[in-house]
Amino acid sequence: MQVFKFGGASVKDANGVKNLASVLQKTGYSKTLIVVSAMGKTTNAIEHILKNYFENTAELQSSIQEVLKYHNEILLDLFDPDGYRGENHPVFKKIAAFFHELNNILKTNKSPDYNFVYDQVIGFGELISTTIISEYLNHIGVNNNWIDVRNHIKTDSYYRRAKVNWETTQSNINSNFNRSVLNITQGFLGSDSNNFTTTLGREGSDYTAAIYAYCLNAQSVTIWKDVSGVLNADPRYFENAQLLNKISYREAIELAFYGASVIHPKTLQPLQGKEIPLYVKSFLNPEESGTTVSKGVNLDPMIPCFIVKKNQVLISLSSLDFSYIVEENISAIFRLLHQYKMKVNVIQNSAISFSVCVDNIYNNLETLLHHLKAKFKVECTKNVSLYTIRHYNNNAIKQIKEGKTVLLKQLTQETVQVITK
């Protein structure tokens, strides 16, 4: 088996869907599973639907219609030229049924829990994209089997960042998967023991591909991107980004941990467990070699790797009575960080101070600060940027500090992290 993952940018329009088919025809698709994300910026658009559902119901239907219109235009581009006169093709009814189900969930929902509602709604992007692609591939003679990933990947009920139940997932896939045909399924999604939809975290489609690869003992995983492979920096923020030809699992896990956006942090662990190589390639130039992530290879070329996380929060704590911040204090701080679901990216402490840089993913910052102020003097700086450099040198550090105010700097033998405003 080989597992391919296509992200939203690769299928953002009808030409993208046609290019996906072209990639399959060039690379071969025997014994292949395709994992696909929502099309284009659909996930963002559905998040806007959710915002209207909770905050501005007058705009709810118009935001749903925008998403429907976007997908209908792709459908018309894919199927009209072949004489189906648009809505005569059965795929239109299938997509309309998804939007009917979406409306019904929003109409009948009784839960005030945003995270639960988010997971029940957000996955329609993937269900719709994979249905369109499956129907198009069948239409052009690339026969395939559409799979609802929620029947395979089972998780706990930690909505928006669910943890996989590996034993049940492995059993589901082993007992209900036809390896001899081309299969297509959704990234990002799972379901809990009550069959409510769950999600694996943003960018979780890569992780979905790795889960299937692990359970199927796949030969390889290929992530198809709009870049030539894994770069040493995000070209949106850094000039002269370079292609990394080879990376070890360990190095890739380090880069992912610090926030490299090309590979999801949890993707590499199951692949490493069975030494399944990961390829990151361009869907625009599928013949190019791209990047290979595998066991025991040195970083090639050996150059600094830059990562930036925007919109971070720096929280600096000091004791009210100038007493030491010791294990008991630190334990209490981390209990609160865990309670309010803060993702900690940097920790720095001294005798009487403790600083953390966090992602306020769940918008619990103000409540957290309220609790911290009961025991500590608290300084909070919002909208800071966290820069991480692996295999740094002096020029690399100088480059990221230039023109910025440095709030915190931390060095280890291979990594430097700098928080700037």
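In the block above lies the structure referred to throughout.
Note that the coordinates shown come from a computational prediction; the quantities given were computed from them, not determined experimentally.

1. Describing the sheet that holds strand S14 (residues 376-390)
Across a sheet, paired strands are connected by hydrogen bonds in the backbone, their directions being either parallel or antiparallel.
Argument step 1. Read from one edge of the open sheet, six strands run S12-S13-S11-S14-S16-S15, paired in antiparallel fashion. Strands at the two margins of the open sheet, each flanked by one partner only, are strand S12 (343-349) and strand S15 (406-411). Strand-to-strand twist in this sheet, taken as the mean axis angle between neighbours without regard to direction, amounts to 30°.
Argument step 2. Both S14 and strand S16 (residues 415-420) contribute to a ladder of six bridges, which runs antiparallel. Opposite Ser 385, over in S16, you have Thr 420 as the bridge partner.

2. Regarding the sheet that holds strand S8 (residues 246-248)
Argument step 1. Sheet architecture is open: eight strands sit in the order S3-S4-S2-S1-S7-S9-S10-S8, paired in mixed fashion. The open sheet has two edge strands, strand S3 (144-146) and S8, and neither has a second partner. Across the sheet, the mean angle separating the axes of adjacent strands is 20° when strand polarity is ignored.
Argument step 2. The sheet contact formed by strand S9 (residues 278-282) and strand S10 (residues 291-294) spans three bridges and is antiparallel. The partner of Tyr 279 across the bridge, within S10, is Thr 292.
Argument step 3. Helix H1 (residues 14-27) rests against strand S1 (2-6), strand S2 (32-36), strand S4 (182-186) and strand S7 (220-225) of the sheet, and its axis sits at about 155° to S1.

3. What to know about the packing of aromatic side chains
Argument step 1. Scanning the entire structure with this criterion turns up 16 aromatic pairs.
Argument step 2. Ring centres 6.4 Å apart and planes at 80° place the aromatic pair Phe 4 and Phe 6 in the edge-to-face group.
Argument step 3. Accessibility expressed as a relative area gives 2% for Phe 4, which makes it buried.
Argument step 4. Assessed through its relative accessible area of 1%, Phe 6 is described here as buried.
Argument step 5. Grouped by ring-pair contacts, the aromatic residues Tyr 53, Phe 54, Tyr 114 and Tyr 118 constitute a single cluster.
Argument step 6. Just above the ring of Tyr 362 sits the side chain of Arg 160; from NZ or CZ to the centre is 5.3 Å.
Argument step 7. Its guanidinium or amino end placed over the ring of Tyr 158, Lys 341 lies 5.0 Å from that ring's centre, counting from NZ or CZ.

4. Regarding unusual backbone geometry
Argument step 1. For the bond running from Asp 300 to Pro 301, omega is 0°, close enough to zero to count as cis.
Argument step 2. With respect to the secondary-structure elements, Pro 301 resides in the loop between S10 and strand S11 (305-319).
Argument step 3. The backbone of Lys 31 shows a phi angle near 50°, a positive value even though the residue is not glycine.
Argument step 4. Within the secondary structure, Lys 31 sits in the loop between H1 and S2.
Argument step 5. The class of Lys 31 is partly exposed, set by a relative accessible area of 49%.

5. Comments concerning the side chain of Thr 197
Argument step 1. Inspection of the secondary structure puts Thr 197 in strand S6 (residues 197-199).
Argument step 2. In terms of polar contacts, Thr 197 uses its side chain to reach the side chain of Arg 150, at 3.1 Å.

6. Brief notes about the environment of Gln 65
Argument step 1. Residue placement: Gln 65 occurs in helix H3 (residues 60-79).
Argument step 2. Along the chain, Gln 65 and Ile 49 lie 16 residues apart, while their C-alpha atoms are 9.9 Å from each other.

7. Structural notes on the pattern of salt bridges
Argument step 1. A full pass over the atoms with the stated rule returns 11 salt bridges.
Argument step 2. The partner of Asp 206 in a salt bridge is Lys 5, and the shortest N-O contact between them spans 2.9 Å. On the criterion of sequence distance, the pair formed by Asp 206 in helix H8 (residues 205-216) and Lys 5 in strand S1 is long-range, its members being 201 residues apart.
Argument step 3. A residue is classified by how much of its surface remains accessible, and Asp 206, at 4% relative accessible area, is buried.
Argument step 4. Between Arg 390 and Glu 414 there is a salt bridge, and its shortest N-O distance comes to 3.4 Å. Highlighted residues: Arg 390 in strand S14 and Glu 414 in the loop between S15 and S16, separated in sequence by 24 residues.

8. Here we look at a nonpolar patch on the surface
Argument step 1. Together, Phe 322, Tyr 324, Val 326 and Ile 352 make up an exposed nonpolar region whose accessible area comes to about 450 Å².
Argument step 2. Here Tyr 324 is to be found in the loop between S11 and helix H11 (327-339).
Argument step 3. Exposure remark for Tyr 324: the relative accessible area of 59% places this residue in the exposed category.

9. What to know about the pairing of S14
A regular strand carries its side chains on alternate faces of the sheet.
Argument step 1. Inspection of the sheet shows S11 paired to S14 by 12 bridges, in the antiparallel sense. In the sheet register, Cys 305 faces S14, and the bridge partner there is Arg 390.

Scoring rules and cut-offs
- Residues numbered from 1 in each chain as written.
- Predicted model: local features only at pLDDT ≥ 70, side-chain atom pairs only at ≥ 80, totals over all residues.
- Heavy atoms only, no water.
- Pairing = 2+ DSSP bridges.
- Helix = DSSP H or I, 4+ residues; strand = E, 2+ residues; numbered from the N terminus.
- Axes fitted to C-alpha atoms, helices over the stretch in contact; angles between N-to-C directions.
- Contact = heavy atoms within 4.5 Å.
- Phe/Tyr/Trp six-rings, centres within 6.5 Å; stacked < 30°, edge-to-face > 60°.
- Buried < 20%, exposed > 50% of the residue type's maximum accessible area, 1.4 Å probe, protein only.
- Lys NZ or Arg CZ within 6 Å of the ring centre and 35° of its normal.
- Polar contact = N/O pair within 3.5 Å; in protein donor to acceptor, adjacent residues only side chain to side chain.
- Salt bridge = Lys/Arg side-chain N within 4 Å of Asp/Glu carboxyl O.
- Patch = residues over 30% accessible without salt bridge, like charges linked within 9 Å, V, L, I, M, F, W, Y side chains within 5 Å.
- Areas by Shrake-Rupley, 256 points an atom, 1.4 Å probe, with all protein chains shown as cover.

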